[in-house]
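Residues per chain are reported as follows:
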Amino acid sequence: MQSTINNVTVIGSGTMGNGICHVLAQAGFNVNMMDIKQDALDRAMSTIGKNMDRQVSKGALTEEAKQQALGRIATHTDMATAVKDAHLVIEAASENVDIKLSIFRQLDELAPAGCILASNTSSISITRIASVTKRADKVIGMHFMNPVPVMKLVEVINGYATSAEVTSTIYKLSEQLGKVPCVANDYPGFVANRLLIPMINEAIISLQEGVAGVTEIDTIMKLGMAHPMGPLQLADFIGLDVCLSILNVLHSGFGNPKYAPSTLLVNMVQAGYLGVKSGEGFYKYTAGSKDLVVSPMFATKEWK
């Protein structure tokens, strides 16, 4: 196995992928960011630049350090080229098991033999992902939190066959990124989403049953339990489709009805109300506005 990690490839340039590239480059790693479309990569580089500009304006980063970090990121649309010299690959594609399995099959064929393969999955089994490779001992989970440059946690997930050496390497690398790594084992939802997503689901069920309104549920959790964001607003931020996907993983993985998704959540996702990404979920989002406005769907009790 590669003893020193210098070259890291990130597969996927979306919100999580570009955030991971940002922190890697800022920490001094050589980064290859790979996506299937060049325009997606261009948008990602623009996002990284803007986020670093924000750090510069706050005095958290110098202009020189910003330019050096940006210079350490190369973009690729060809996977073979992107991973040929990689010591570590971090997959940050859509939270879809078929997509991830396909990517890991390709990575196993294309990446150097000693390369560690990590997934940023928030709920999909690392053991299952590793099973499509010939290097299960070198497959691990690195679950970053959104927004990656700000959030300190990295949930490090051991698959059934992940070696202790690989876990130690990823733990130390996470610390190099200025993160706090926490190791968990491979059970549905790991720790973060096994606890968080059922809470969000229960908040949606409470709304569905008329226990309280959107504002009341979120305010109670913020002021009563010291949560920085209420569960319904957080669901919008995560994406209601993502919340539903994770609940389905928990429900099928454990076979326990307590993880069954709320029918309101299912209906909202089917209707395209996905939260921030679609412009409306439990709240309505207007570009350029920071005001939190309850969706008209939930503004009166008649919606039930």
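Quick caveat, the model's predicted, so the values are computed rather than measured.

A.B. asks: I would appreciate a short explanation of the nonpolar core in the present structure.
C.D. replies: Most often, soluble globular proteins keep nonpolar side chains buried together rather than apart. With 35 residues, the main nonpolar core has Leu24, Leu88, Ile90 and Phe144 as its most contacted residues. Sorting elements by how many residues they give to this core places helix α1 (residues 15–26) first, with six residues. Residues in contact with Phe144, not counting those within four places in the same chain, are Met16, Ile20, Ile90, Asn120, Leu153, Val154 and Leu177.

A.B. asks: Even after reading the chapter, I still don't get the side chain of Asn201, so can you show me in this structure?
C.D. replies: If you trace the backbone, Asn201 turns up in helix α8 (residues 192–208). Given the relative accessible area of 2%, Asn201 is considered buried. In this structure, Asn201 is in contact with Leu247, Ala260, Pro261, Ser262 and Leu265, ignoring residues within four places of it in sequence.

A.B. asks: It is not clear to me how the pattern of salt bridges should be interpreted in this structure. Could you clarify?
C.D. replies: If the charged atoms of two oppositely charged side chains come close together, the side chains can form a pair. Summed over the entire model, instances satisfying the criterion amount to eleven salt bridges. Asp53 is the partner of Lys66 in a salt bridge, and the nearest nitrogen-oxygen pair spans 2.5 Å. Taken together, the residues Lys66 in helix α3 (residues 63–71) and Asp53 in helix α2 (residues 38–57) connect sequence positions 13 residues apart. Assessed through its relative accessible area of 9%, Lys66 is described here as buried. Given a relative accessible area of 35%, Asp53 falls into the partly exposed group.

A.B. asks: I keep staring at α8 and nothing clicks. Help me out?
C.D. replies: Each α-helix turn comprises 3.6 residues. Residues three or four places apart therefore point the same way. For α8, which comprises 17 residues, the first-to-last C-alpha distance of 24 Å matches the rise-based estimate of 24 Å (1.5 Å per residue) to within 8%. Residues Asn193, Ile197, Pro198, Ile200, Asn201, Ala203, Ile204 and Leu207 constitute the buried set of α8. On its buried face, α8 is in contact with β6 (139–144), α9 (214–225), α10 (231–238), α11 (240–254) and α12 (263–270). After α8 finishes, the residue Gly210 shows a positive phi value of roughly 80°.

A.B. asks: I keep staring at the side chain of Lys100 and nothing clicks. Help me out?
C.D. replies: Within the fold, Lys100 resides in helix α5 (residues 97–110). Accessibility expressed as a relative area gives 1% for Lys100, which makes it buried. At 3.2 Å, the side chain of Lys100 and the backbone oxygen of Ala93 are in polar contact. Those residues in contact with Lys100 that sit more than four places away from it in its chain are Glu91, Ala93, Ser94, Glu95, Ser119, Thr121, Ile124 and Ile129.

A.B. asks: Can you walk me through the packing of α8 against α12 in this structure?
C.D. replies: When two helices pack together, their arrangement is given by the angle between their axes and by how far apart the axes lie. Taken N-terminus to C-terminus, the directions of α8 and α12 make an angle of 95°; their axes are 8 Å apart at the nearest point. By the angle between their directions, the pair α8 and α12 is classed as roughly perpendicular. The residues of α12 that touch α8, namely those facing Asn201, Ile204, Leu207 and Gln208, are Thr263, Leu264 and Leu265. Of the residues contributing to the contact of α8 with α12, the split by class is four nonpolar, three polar and no charged.

A.B. asks: Whenever I open this one, the UniProt feature "domain: 3-hydroxyacyl-CoA dehydrogenase NAD binding" (unreviewed entry) in the chain confuses me. Can you help?
C.D. replies: Mapped onto this numbering, the UniProt entry annotates "domain: 3-hydroxyacyl-CoA dehydrogenase NAD binding" (unreviewed entry) at residues 7–186. Note that residues 7–186 is 43% helix and 22% strand, and that its end C-alpha atoms are spaced 26 Å apart.

A.B. asks: Mind showing me how you'd approach the sheet that holds strand β5 (residues 116–119) here?
C.D. replies: Backbone-to-backbone hydrogen bonds pair the strands of a sheet. The strands run either parallel or antiparallel. If you trace the eight strands from one edge of the open sheet to the other, you get β3-β2-β1-β4-β5-β6-β7-β8, paired in mixed fashion. A strand with exactly one partner marks an edge of an open sheet, and here the two such strands are β3 (73–76) and β8 (180–185). Geometrically, the sheet is characterised by an average inter-axis angle of 25° between neighbouring strands, direction not taken into account. Contacts between α2 and the sheet are confined to β2 (30–34) and β3, with β3 contributing the most and set at about 160° to the helix. Sitting on the sheet, helix α7 (residues 164–176) touches β4 (88–91), β5, β6, β7 (153–158) and β8, and the angle it makes with β6 is about 25°.

The rules behind these values
Chains are numbered independently. Their residues run from 1 in the order of the written sequence. Only residues with pLDDT of at least 70 are given local features in this predicted model, and only at 80 or more are side-chain atom pairs given and counted; all residues enter the totals for whole chains, interfaces and linings. Water and hydrogen atoms play no part in the side-chain values, which are based on all heavy atoms of the structure. We define the nonpolar core as a collection of buried residues of types Ala, Val, Leu, Ile, Met, Phe, Trp, Tyr and Cys that are connected through side-chain atoms lying within 4.5 Å of one another. Only protein chains enter the accessibility calculation, which uses a 1.4 Å probe. A residue is then buried if its area is under 20% of the maximum for its type, exposed if over 50%, and partly exposed in between. Every helix listed is a DSSP run of H or I at least four residues long, and every strand listed is a run of E at least two residues long, numbered separately from the N terminus. Throughout, a residue-residue contact means that at least one pair of heavy atoms, one from each residue, lies within 4.5 Å. Every case where a carboxyl oxygen of Asp or Glu lies within 4 Å of a side-chain nitrogen of Lys or Arg is listed as a salt bridge. Helices are assigned an expected span. That span is 1.5 Å times one less than the residue count. Counting of polar contacts relies on pairs of N or O atoms within 3.5 Å, with two restrictions inside protein: one atom must be capable of donating a hydrogen and the other of accepting it, and residues adjacent in sequence are counted only when both atoms are side-chain atoms. Structural elements are reduced to axes, namely lines fitted to C-alpha atoms, with helices fitted over the stretch in contact, and the angle between N-to-C directions of any two is expressed from 0 to 180 degrees. The scheme is simple: roughly parallel for angles under 35 degrees, roughly antiparallel for over 145, roughly perpendicular for 65 to 115, oblique for anything else. Note that Gly is not counted as nonpolar here; it falls among the polar residues with everything else outside the nonpolar set of Ala, Val, Leu, Ile, Met, Phe, Trp, Tyr, Cys and Pro and the charged set of Asp, Glu, Lys and Arg. UniProt positions are given in the numbering used here, feature names are shortened, and annotations may be inferred rather than shown by experiment. At least two DSSP bridges between two strands are needed for those strands to be called paired.

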